[in-house]
Amino acid sequence: MTRYPWWKYLIILLVVIPALLYALPNFYGWHAAVEVRAPIGTIIPPVTTLQGWLQDAKIPVSSVRSDARGSTFFFPNDNAQGLAETLLQNKLPANAQVILSQMSAEPDWLKSIGGKPVNLGLDLRGGVYLLLRVDTDAVIKHALEQDSGSLRTFLRHKDLQYLAVNTTGPDTLAIEMASPALAVEAQKVIARQYPDYAVTVQPKGIIDVTITPDAAKKMKDDALQQAIVVIRNRIDELGVSEPVIQRQGVEHIAVQLPGVQDTQRAKSIIGSTAQLEFKMVDDQANMADALKGQLPPGTALYYGLHNSPYVLYTDTVLTGRYLSNASAGVDNNSGESIINVSFNNAGTRIFGDLTSKNVGKRMAILLDNKVVTAPVIREAITGGRAQITGFANLKAASNAAIELRAGALPAPVHISEERTVGPTLGQDSIHDGVMAVVFGMIFVVAFMTLYYRAFGLIADLAILVNILAILAVLSLMGGTLTLPGIAGIVLKIGLAVDANVLVFERIREELRHGMSVRAAIDAGFKKAFATIVDSNITVLIAALVLFQFGTGAIKGFALVLTIGVITSMFTATMMSRGIIERVLGKRRIQKLYI
């Protein structure tokens, strides 16, 4: 007569109870909510005032929660949520963040132990999918522009006379030296100073400086990684919960924004390069000649936000990388929408030196190669603060401030693909997915009960615990459940019961050979265990390969399948065995109906 050791029952309880507990938040549903957050430098009314606005507009509020990040208002339905968002956006400052969201309705005691529902993917929750292409060729072009200036300075310091430095190709500079002899000498020193370039001497004293393939590849890879970091920072400023940002291929980034409804604002903030530059204005240039293309050396023609022309020196005296903060506001004297910027220590020194040397001259401030303002420097500015004017309204200034705080993209970003999933379609997907799980479970339960009787019910209980364990693991690890993930759960229902079928058929076989009931059960579980492990390992290998090399829907399917394989091996063997042993107890069973 076999006895199941007590420590195995203890392991079962230690696994099953947390699985049930952490799967529980998924069954409480969601509340429509509006989050109100105040970026640094933004002052918003207290939460009681916000509640008063909502009450005056007769918008029902279920509850309010406040924390260090801001306040969250809960509403009984989506209609009240939409009305509240419109009201708060109209009354609050333009740079205050009013975010539509769905919050779990789980009780506080579950939250206190870390319980939370599974994150829902874009196809279930609704939102925006963007496939962004990073113009990595622009990175090479920008590097050439910067290095052409540094090459001129370098050659002057080395007393090597040159006539011109021009861009002659997408990755090549041509340096025209004063003589062939100087070209040979310059080629040696340039090759030592610029290891990322291949330097060759051409006839007539011309030097070709070309970026090496390895250096170009590294620049493009670095630009893509930097773009991912900047986009993530901008999305954090937008307040989107559980965004998915992944590199896709050589020059693409896939972005999923669950729950986002203001798609145009999201696209404009994510895709804007936000390159902030300070350049000096050449007030001596003849504008009429400049418009005809006759520009003084070292200058270029730029346009303002209203197509007003400016002749600026090409050298950038300060860039946005020296910023420490940027916030939108309103000028108290003029009433214009502005951005208040502050520089870090290095930027403060550069800006102080720049303004002290150019008092009385104009300095242009450019955002994405557009002149937003070109004020006259009245006095030296040594405090490390400045104002940027020229915005149409406070909302435009607020969006620009978000971009500046998050940092500039290293290269322009273009939207290659865009898909919007409405919340209604997401709810339909959830309903259809849940129904697929329910019907799959019903058919499996019916078959197992009819074919294996009481043992079939035990297998069905193990499958139910397996599904709850999958949800619990996804919740704890912060995984995302997608529609393919639900398909993985349905598939795992069938695969999980397969292990029990192997055990039960082995028990039947041992009973036919004349074994006692207890011995047959013991032999059935022991002899089927190796086969169960082998079959699950092959599925696990396939799932891990899909997870490693798949993207999007495939990865979501593989994640659920991987978790399901691991949990089903536990529920189908140890847990099923424990239940059977508890049901049989110490009774002497002469005949087993299986």
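Structure's up top.
Residues numbered from 1 in each chain as written. Predicted model: local features only at pLDDT ≥ 70, side-chain atom pairs only at ≥ 80, totals over all residues. Heavy atoms only, no water.

**Examining the overall build of the chain**
Put simply, the rule is: The numbering of helices and of strands both runs from the N terminus, where a helix is a DSSP run of H or I of at least 4 residues and a strand a run of E of at least 2. Radius of gyration here is computed from C-alpha atoms only, and the compact-globule reference equals 2.2 Å multiplied by the residue count raised to the power 0.38. Think of it in three bands: with a 1.4 Å probe and only protein chains considered, a residue is buried below 20% of the maximum accessible area for its type, exposed above 50%, and partly exposed in between. Contact criterion: two residues are considered in contact whenever any of their non-hydrogen atoms come within 4.5 Å of each other. Throughout, the Shrake-Rupley method with a 1.4 Å probe supplies accessible areas, and for residues the shown protein chains are the sole cover considered. In summary, the charge assignment counts Lys and Arg as positive and Asp and Glu as negative, without counting His or the chain termini. Here the site of a charge means atom NZ of a Lys, CZ of an Arg, CG of an Asp or CD of a Glu.
When helices and strands are tallied, the chain shows 17 helices and 23 strands. Rg of the C-alpha trace for the chain: 33 Å, well past the compact-globule value of 25 Å for 594 residues, more than 25% over. Each principal axis of the C-alpha distribution contributes one length, and for the chain these read about 110 × 70 × 35 Å. Each of the 594 residues in the chain was classed as buried or not, and the buried ones make up 47%. Long-range pairs, those at least 24 residues apart, make up 71% of the contacts in the chain with a sequence separation of at least 6. Of the roughly 29,800 Å² of accessible surface on the chain, a fraction of 57% belongs to carbon and sulfur atoms. Taking the 54 positively charged and 49 negatively charged side chains of the chain as two groups, their mean positions are separated by 9 Å.

**Side note on a nonpolar patch on the surface**
What counts here: The patch calculation keeps residues exceeding 30% relative accessible area without a salt bridge and links them within 9 Å when they carry like charges or within 5 Å when they are nonpolar (Val, Leu, Ile, Met, Phe, Trp, Tyr). For salt bridges, the criterion is a side-chain nitrogen of Lys or Arg within 4 Å of an Asp or Glu carboxyl oxygen.
A cluster of nonpolar side chains, Trp 6, Trp 7, Leu 10, Ile 11, Leu 14 and Val 15, forms an exposed patch at the surface whose accessible area comes to about 630 Å². Turning to its location among the elements, Leu 10 is positioned in helix α1 (residues 6–23). The partly exposed category is assigned to Leu 10, whose relative accessible area is 41%.

**Re the sheet that holds strand β10 (residues 206–211)**
Quick reminder of the rule: We call two strands paired when DSSP finds no fewer than two bridges between them. Geometry is summarised by axes, namely lines fitted to C-alpha atoms with helices restricted to the contacting stretch, and by angles between N-to-C directions that run from 0 to 180 degrees.
Strand order in the open sheet formed by 4 strands is β7-β8-β10-β9, with antiparallel pairing between adjacent strands. A strand with exactly one partner marks an edge of an open sheet, and here the two such strands are β7 (162–169) and β9 (197–202). Strand-to-strand twist in this sheet, taken as the mean axis angle between neighbours without regard to direction, amounts to 20 degrees. Both strand β8 (residues 172–177) and β10 contribute to a ladder of 5 bridges, which runs antiparallel. Within β10, the residue paired with Ile 175 across the bridge is Ile 207. Sheet strands in contact with helix α6 (residues 136–157) are β7, β8, β9 and β10, and its direction is about 20 degrees off that of β8. Sheet strands in contact with helix α7 (residues 180–193) are β8, β9 and β10, and its direction is about 175 degrees off that of β9.

**So, the packing of α1 against helix α14 (residues 454–477)**
Under the convention used in this document: By the definition adopted for this analysis, an angle is roughly parallel if under 35 degrees, roughly antiparallel if over 145, roughly perpendicular if from 65 to 115, and oblique otherwise. In this scheme the handedness of a crossing depends on how the near helix is turned from the far one: anticlockwise by less than a right angle means left-handed, clockwise means right-handed. Residue classes follow a fixed rule: Ala, Val, Leu, Ile, Met, Phe, Trp, Tyr, Cys and Pro count as nonpolar, while Asp, Glu, Lys and Arg count as charged, and any other residue, Gly among them, counts as polar.
Contact geometry for α1 and α14: axes closest at 8 Å, N-to-C directions at 65 degrees. Judged by the inter-axis angle, α1 sits roughly perpendicular to α14. Here α1 runs over α14; the crossing is left-handed. Taken together, the residues of α14 that come into contact with α1 (itself represented by Val 16, Ala 19, Leu 20, Tyr 22 and Ala 23) are Val 465, Leu 468, Ala 469, Leu 471, Ala 472, Ser 475 and Leu 476. Of the residues belonging to the contact of α1 with α14, the class tally is 11 nonpolar, 1 polar and no charged.

**Observations regarding the packing of aromatic side chains**
To be explicit about the condition: Pairing of aromatic rings covers Phe, Tyr and Trp, the last through its six-membered ring, and needs centres within 6.5 Å; plane angles under 30 degrees mean stacked, over 60 mean edge-to-face, and all others mean tilted. When the NZ atom of lysine or the CZ atom of arginine is within 6 Å of a ring's centre and also within 35 degrees of its normal, the charge is said to sit over that ring.
Enumeration over the complete set of coordinates arrives at 10 aromatic pairs. With a centroid separation of 6.0 Å and an interplanar angle of 85 degrees, the aromatic rings of Phe 154 and Tyr 194 are classed as edge-to-face. Of the two residues, Phe 154 sits in helix α6 while Tyr 194 sits in the loop between α7 and β9, which places them 40 residues apart along the sequence. The same class applies to Phe 154 as to Tyr 194, namely buried. Grouped by ring-pair contacts, the aromatic residues Phe 447, Tyr 451, Tyr 452, Phe 455 and Phe 504 constitute a single cluster. Against the face of Trp 53 rests Lys 91, its NZ or CZ located 5.3 Å from the ring centre. The positively charged end of Arg 582 is found above the aromatic ring belonging to Tyr 9, 5.6 Å away from the centroid.

The values are spatial; any link to function lies outside them.
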